[in-house]
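Listed here are the chains, written in short residue letters.
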Amino acid sequence: MSFFSFGQTAEIDIVLNDAETRKKVEHKTEDGKRDKYFLFYDGETVSGKINVTLKNPGKRLEHQGIKIEFIGQIELYFDRGNHHEFVSLVKDLARPGEMAQSQTFDFEFTHVEKPYESYTGQNVKLRYFLRATISRRLNDICKEMDIVVHTLSTYPELNSSIKMEVGIEDCLHIEFEYNKSKYHLKDVIVGKIYFLLVRIKIKHMEIDIIKRETTGTGPNVYHENDTIAKYEIMDGAPVRGESIPIRLFLAGYEMTPTMRDINKKFSVRYYLNLVLIDEEERRYFKQQEITLWRKGDIVRKSMSHQAAIASQRFEGSASSEKALSQAKDEDD
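Just so you know, these numbers come straight off a predicted model, no measurement behind them.

Some remarks on the packing of aromatic side chains
Using the criterion set out here, one finds eight aromatic pairs in the structure. The residue whose ring lies beneath Arg212 is Tyr271, and the NZ or CZ to ring-centre distance is 4.5 Å.

Structural notes on the sheet that holds strand β16 (residues 188–198)
Across the sheet, four strands lie side by side as β13-β14-β16-β19; this open sheet has antiparallel pairing. This sheet does not close on itself; its edge strands, each paired only once, are β13 (162–168) and β19 (243–249). The average undirected angle you get between the axes of adjacent strands in this sheet is 20°. Both strand β14 (residues 172–178) and β16 contribute to a ladder of seven bridges, which runs antiparallel.

Focus: unusual backbone geometry
In this model, His111 sits at a positive phi of 50°, which is unusual for a non-glycine residue. Tracing the backbone through its elements, the reader meets His111 in the loop between β9 (103–109) and β10 (119–120). A positive phi angle is found at Glu281, which is not glycine, with a value near 65°. For Glu281, the position within the fold is in the loop between β21 (266–278) and β22 (283–293). The exposure class of Glu281 is exposed, given its relative accessible area of 51%.

A short note on the nonpolar core
Of all hydrophobic cores here, the largest spans 73 residues; its most connected members are Ile50 and Tyr178. Beyond its immediate chain neighbours, meaning those up to four positions away, Tyr178 contacts Ser161, Ile162, Met164, Tyr183, Ile189, Val190, Gly191, Ile207, Ile246 and Leu272. Counting six residues, the second-largest nonpolar core is a separate cluster that includes Leu39, Tyr41, Val148 and Leu152.

Looking at the environment of Ile134
Note on placement: Ile134 falls in strand β11 (residues 124–134). Sequence separation of Ile134 and Val52 is 82 residues, and the distance between their C-alpha atoms is 9.1 Å. Ignoring sequence-local partners within four residues, the contact set of Ile134 consists of Ala10, Ile12, Val52, Leu61, His63, Gly65, Ile66, Asp140 and Ile141.

Concerning the pattern of salt bridges
Inspection of every chain in the model, using the stated rule, returns 21 salt bridges. Between Glu254 and Arg34 there is a salt bridge, with its nearest N and O atoms 3.0 Å apart. Of this pair, Glu254 sits in the loop between β19 and β20 (259–262) while Arg34 sits in strand β3 (residues 34–41), and the two are 220 residues apart along the sequence.

Digging into the sheet that holds strand β1 (residues 10–16)
Spatially, three strands are ordered β1-β4-β9 in an open sheet, and the strand pairing comes out antiparallel. Edge positions in the open sheet fall to β1 and β9, since each of these has one partner strand only. Averaged over all adjacent pairs, the angle separating strand axes in this sheet is 20°, with direction ignored. Across seven bridges, the pairing between strand β4 (residues 46–54) and β9 is antiparallel.

So, the pairing of β3
Sheet topology note: the strand β2 (residues 24–28)/β3 ladder contains five bridges and is antiparallel. Residue pairing across strands places Glu26 opposite Lys36, the latter belonging to β3.

A closer look at the pairing of strand β7 (residues 83–94)
As paired strands, strand β6 (residues 66–76) and β7 are joined by ten bridges and run antiparallel to one another. The residue of β7 that forms the bridge with Gly72 is Val87. Hairpin connection between β6 and β7: a loop of six residues separates the two successive antiparallel strands.

Cut-offs and rules
- Residues numbered from 1 in each chain as written.
- Predicted model: local features only at pLDDT ≥ 70, side-chain atom pairs only at ≥ 80, totals over all residues.
- Heavy atoms only, no water.
- Phe/Tyr/Trp six-rings, centres within 6.5 Å; stacked < 30°, edge-to-face > 60°.
- Lys NZ or Arg CZ within 6 Å of the ring centre and 35° of its normal.
- Pairing = 2+ DSSP bridges.
- Helix = DSSP H or I, 4+ residues; strand = E, 2+ residues; numbered from the N terminus.
- Axes fitted to C-alpha atoms, helices over the stretch in contact; angles between N-to-C directions.
- Buried < 20%, exposed > 50% of the residue type's maximum accessible area, 1.4 Å probe, protein only.
- Core = buried A, V, L, I, M, F, W, Y, C linked by side-chain atoms within 4.5 Å.
- Contact = heavy atoms within 4.5 Å.
- Salt bridge = Lys/Arg side-chain N within 4 Å of Asp/Glu carboxyl O.

From the geometry alone we can't say anything about function, so treat these as descriptive.
The structure is reproduced here in structure tokens:
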């Protein structure tokens, strides 16, 4: 709005060039709601139009320049005044001057690097957005548009199984095994639990998936644990020599890929927590970290050729060439 409502003012609208065909995904907002946003991948071009509509016909709009920015930033909730930008691109759309009528400006950010996944957590938010600004002497006119970025991975070459033991001397000895240590977000955790020695009366056993969000550094480190899933393995007393199979489907739970030391500001890690409760309500548990990743081996037509390359960026040149050929086949 203009100063004290005198003179000319304008509305800004940001429209993506591929808005009709680009996929939208749900993403959690800071207040816990879920809204839909346009989905982008690392390496994809972001282009569109800025529509500037003058509100008062016949009056001119004086400005100090018009620009569009593409920004990736991390905001720590306990340090809200500081926004840590890891991507900051600017395009000037108009030099200082006057606007006598509504105008449309084209913009394009080519092959934009988007290294991290969009994330809204308990203490931190990582977001990407476009911001259009009409600079004025007294008050700028701004409009922001958020997008969501997903990071893709390929199947990990090394994916060893997990074997662990839980034991209390002369009372309890349990071995449990999971088929692998790295899972994509729609994977199935398959495992088995073996009871080698049972001299205490166990009445309940479950596996929890725990998300641990770590923010800050040094003395100002905050840990937030959130139980994503609870899977009851047994309700009753096991006997020696018994084995119990485990099948835990991940697709039904809201999770992100594992995020380690993102821009030296935060991490998101996931753990399998085996919990045993005896008849005296004593709890025994064993925790093991697992790695989650977003599957990217199927390259959709909506993903451009450049994004196929980018999705393999950290997987080495061999897998990059493979993704390239896949993208070409699908584009054809």
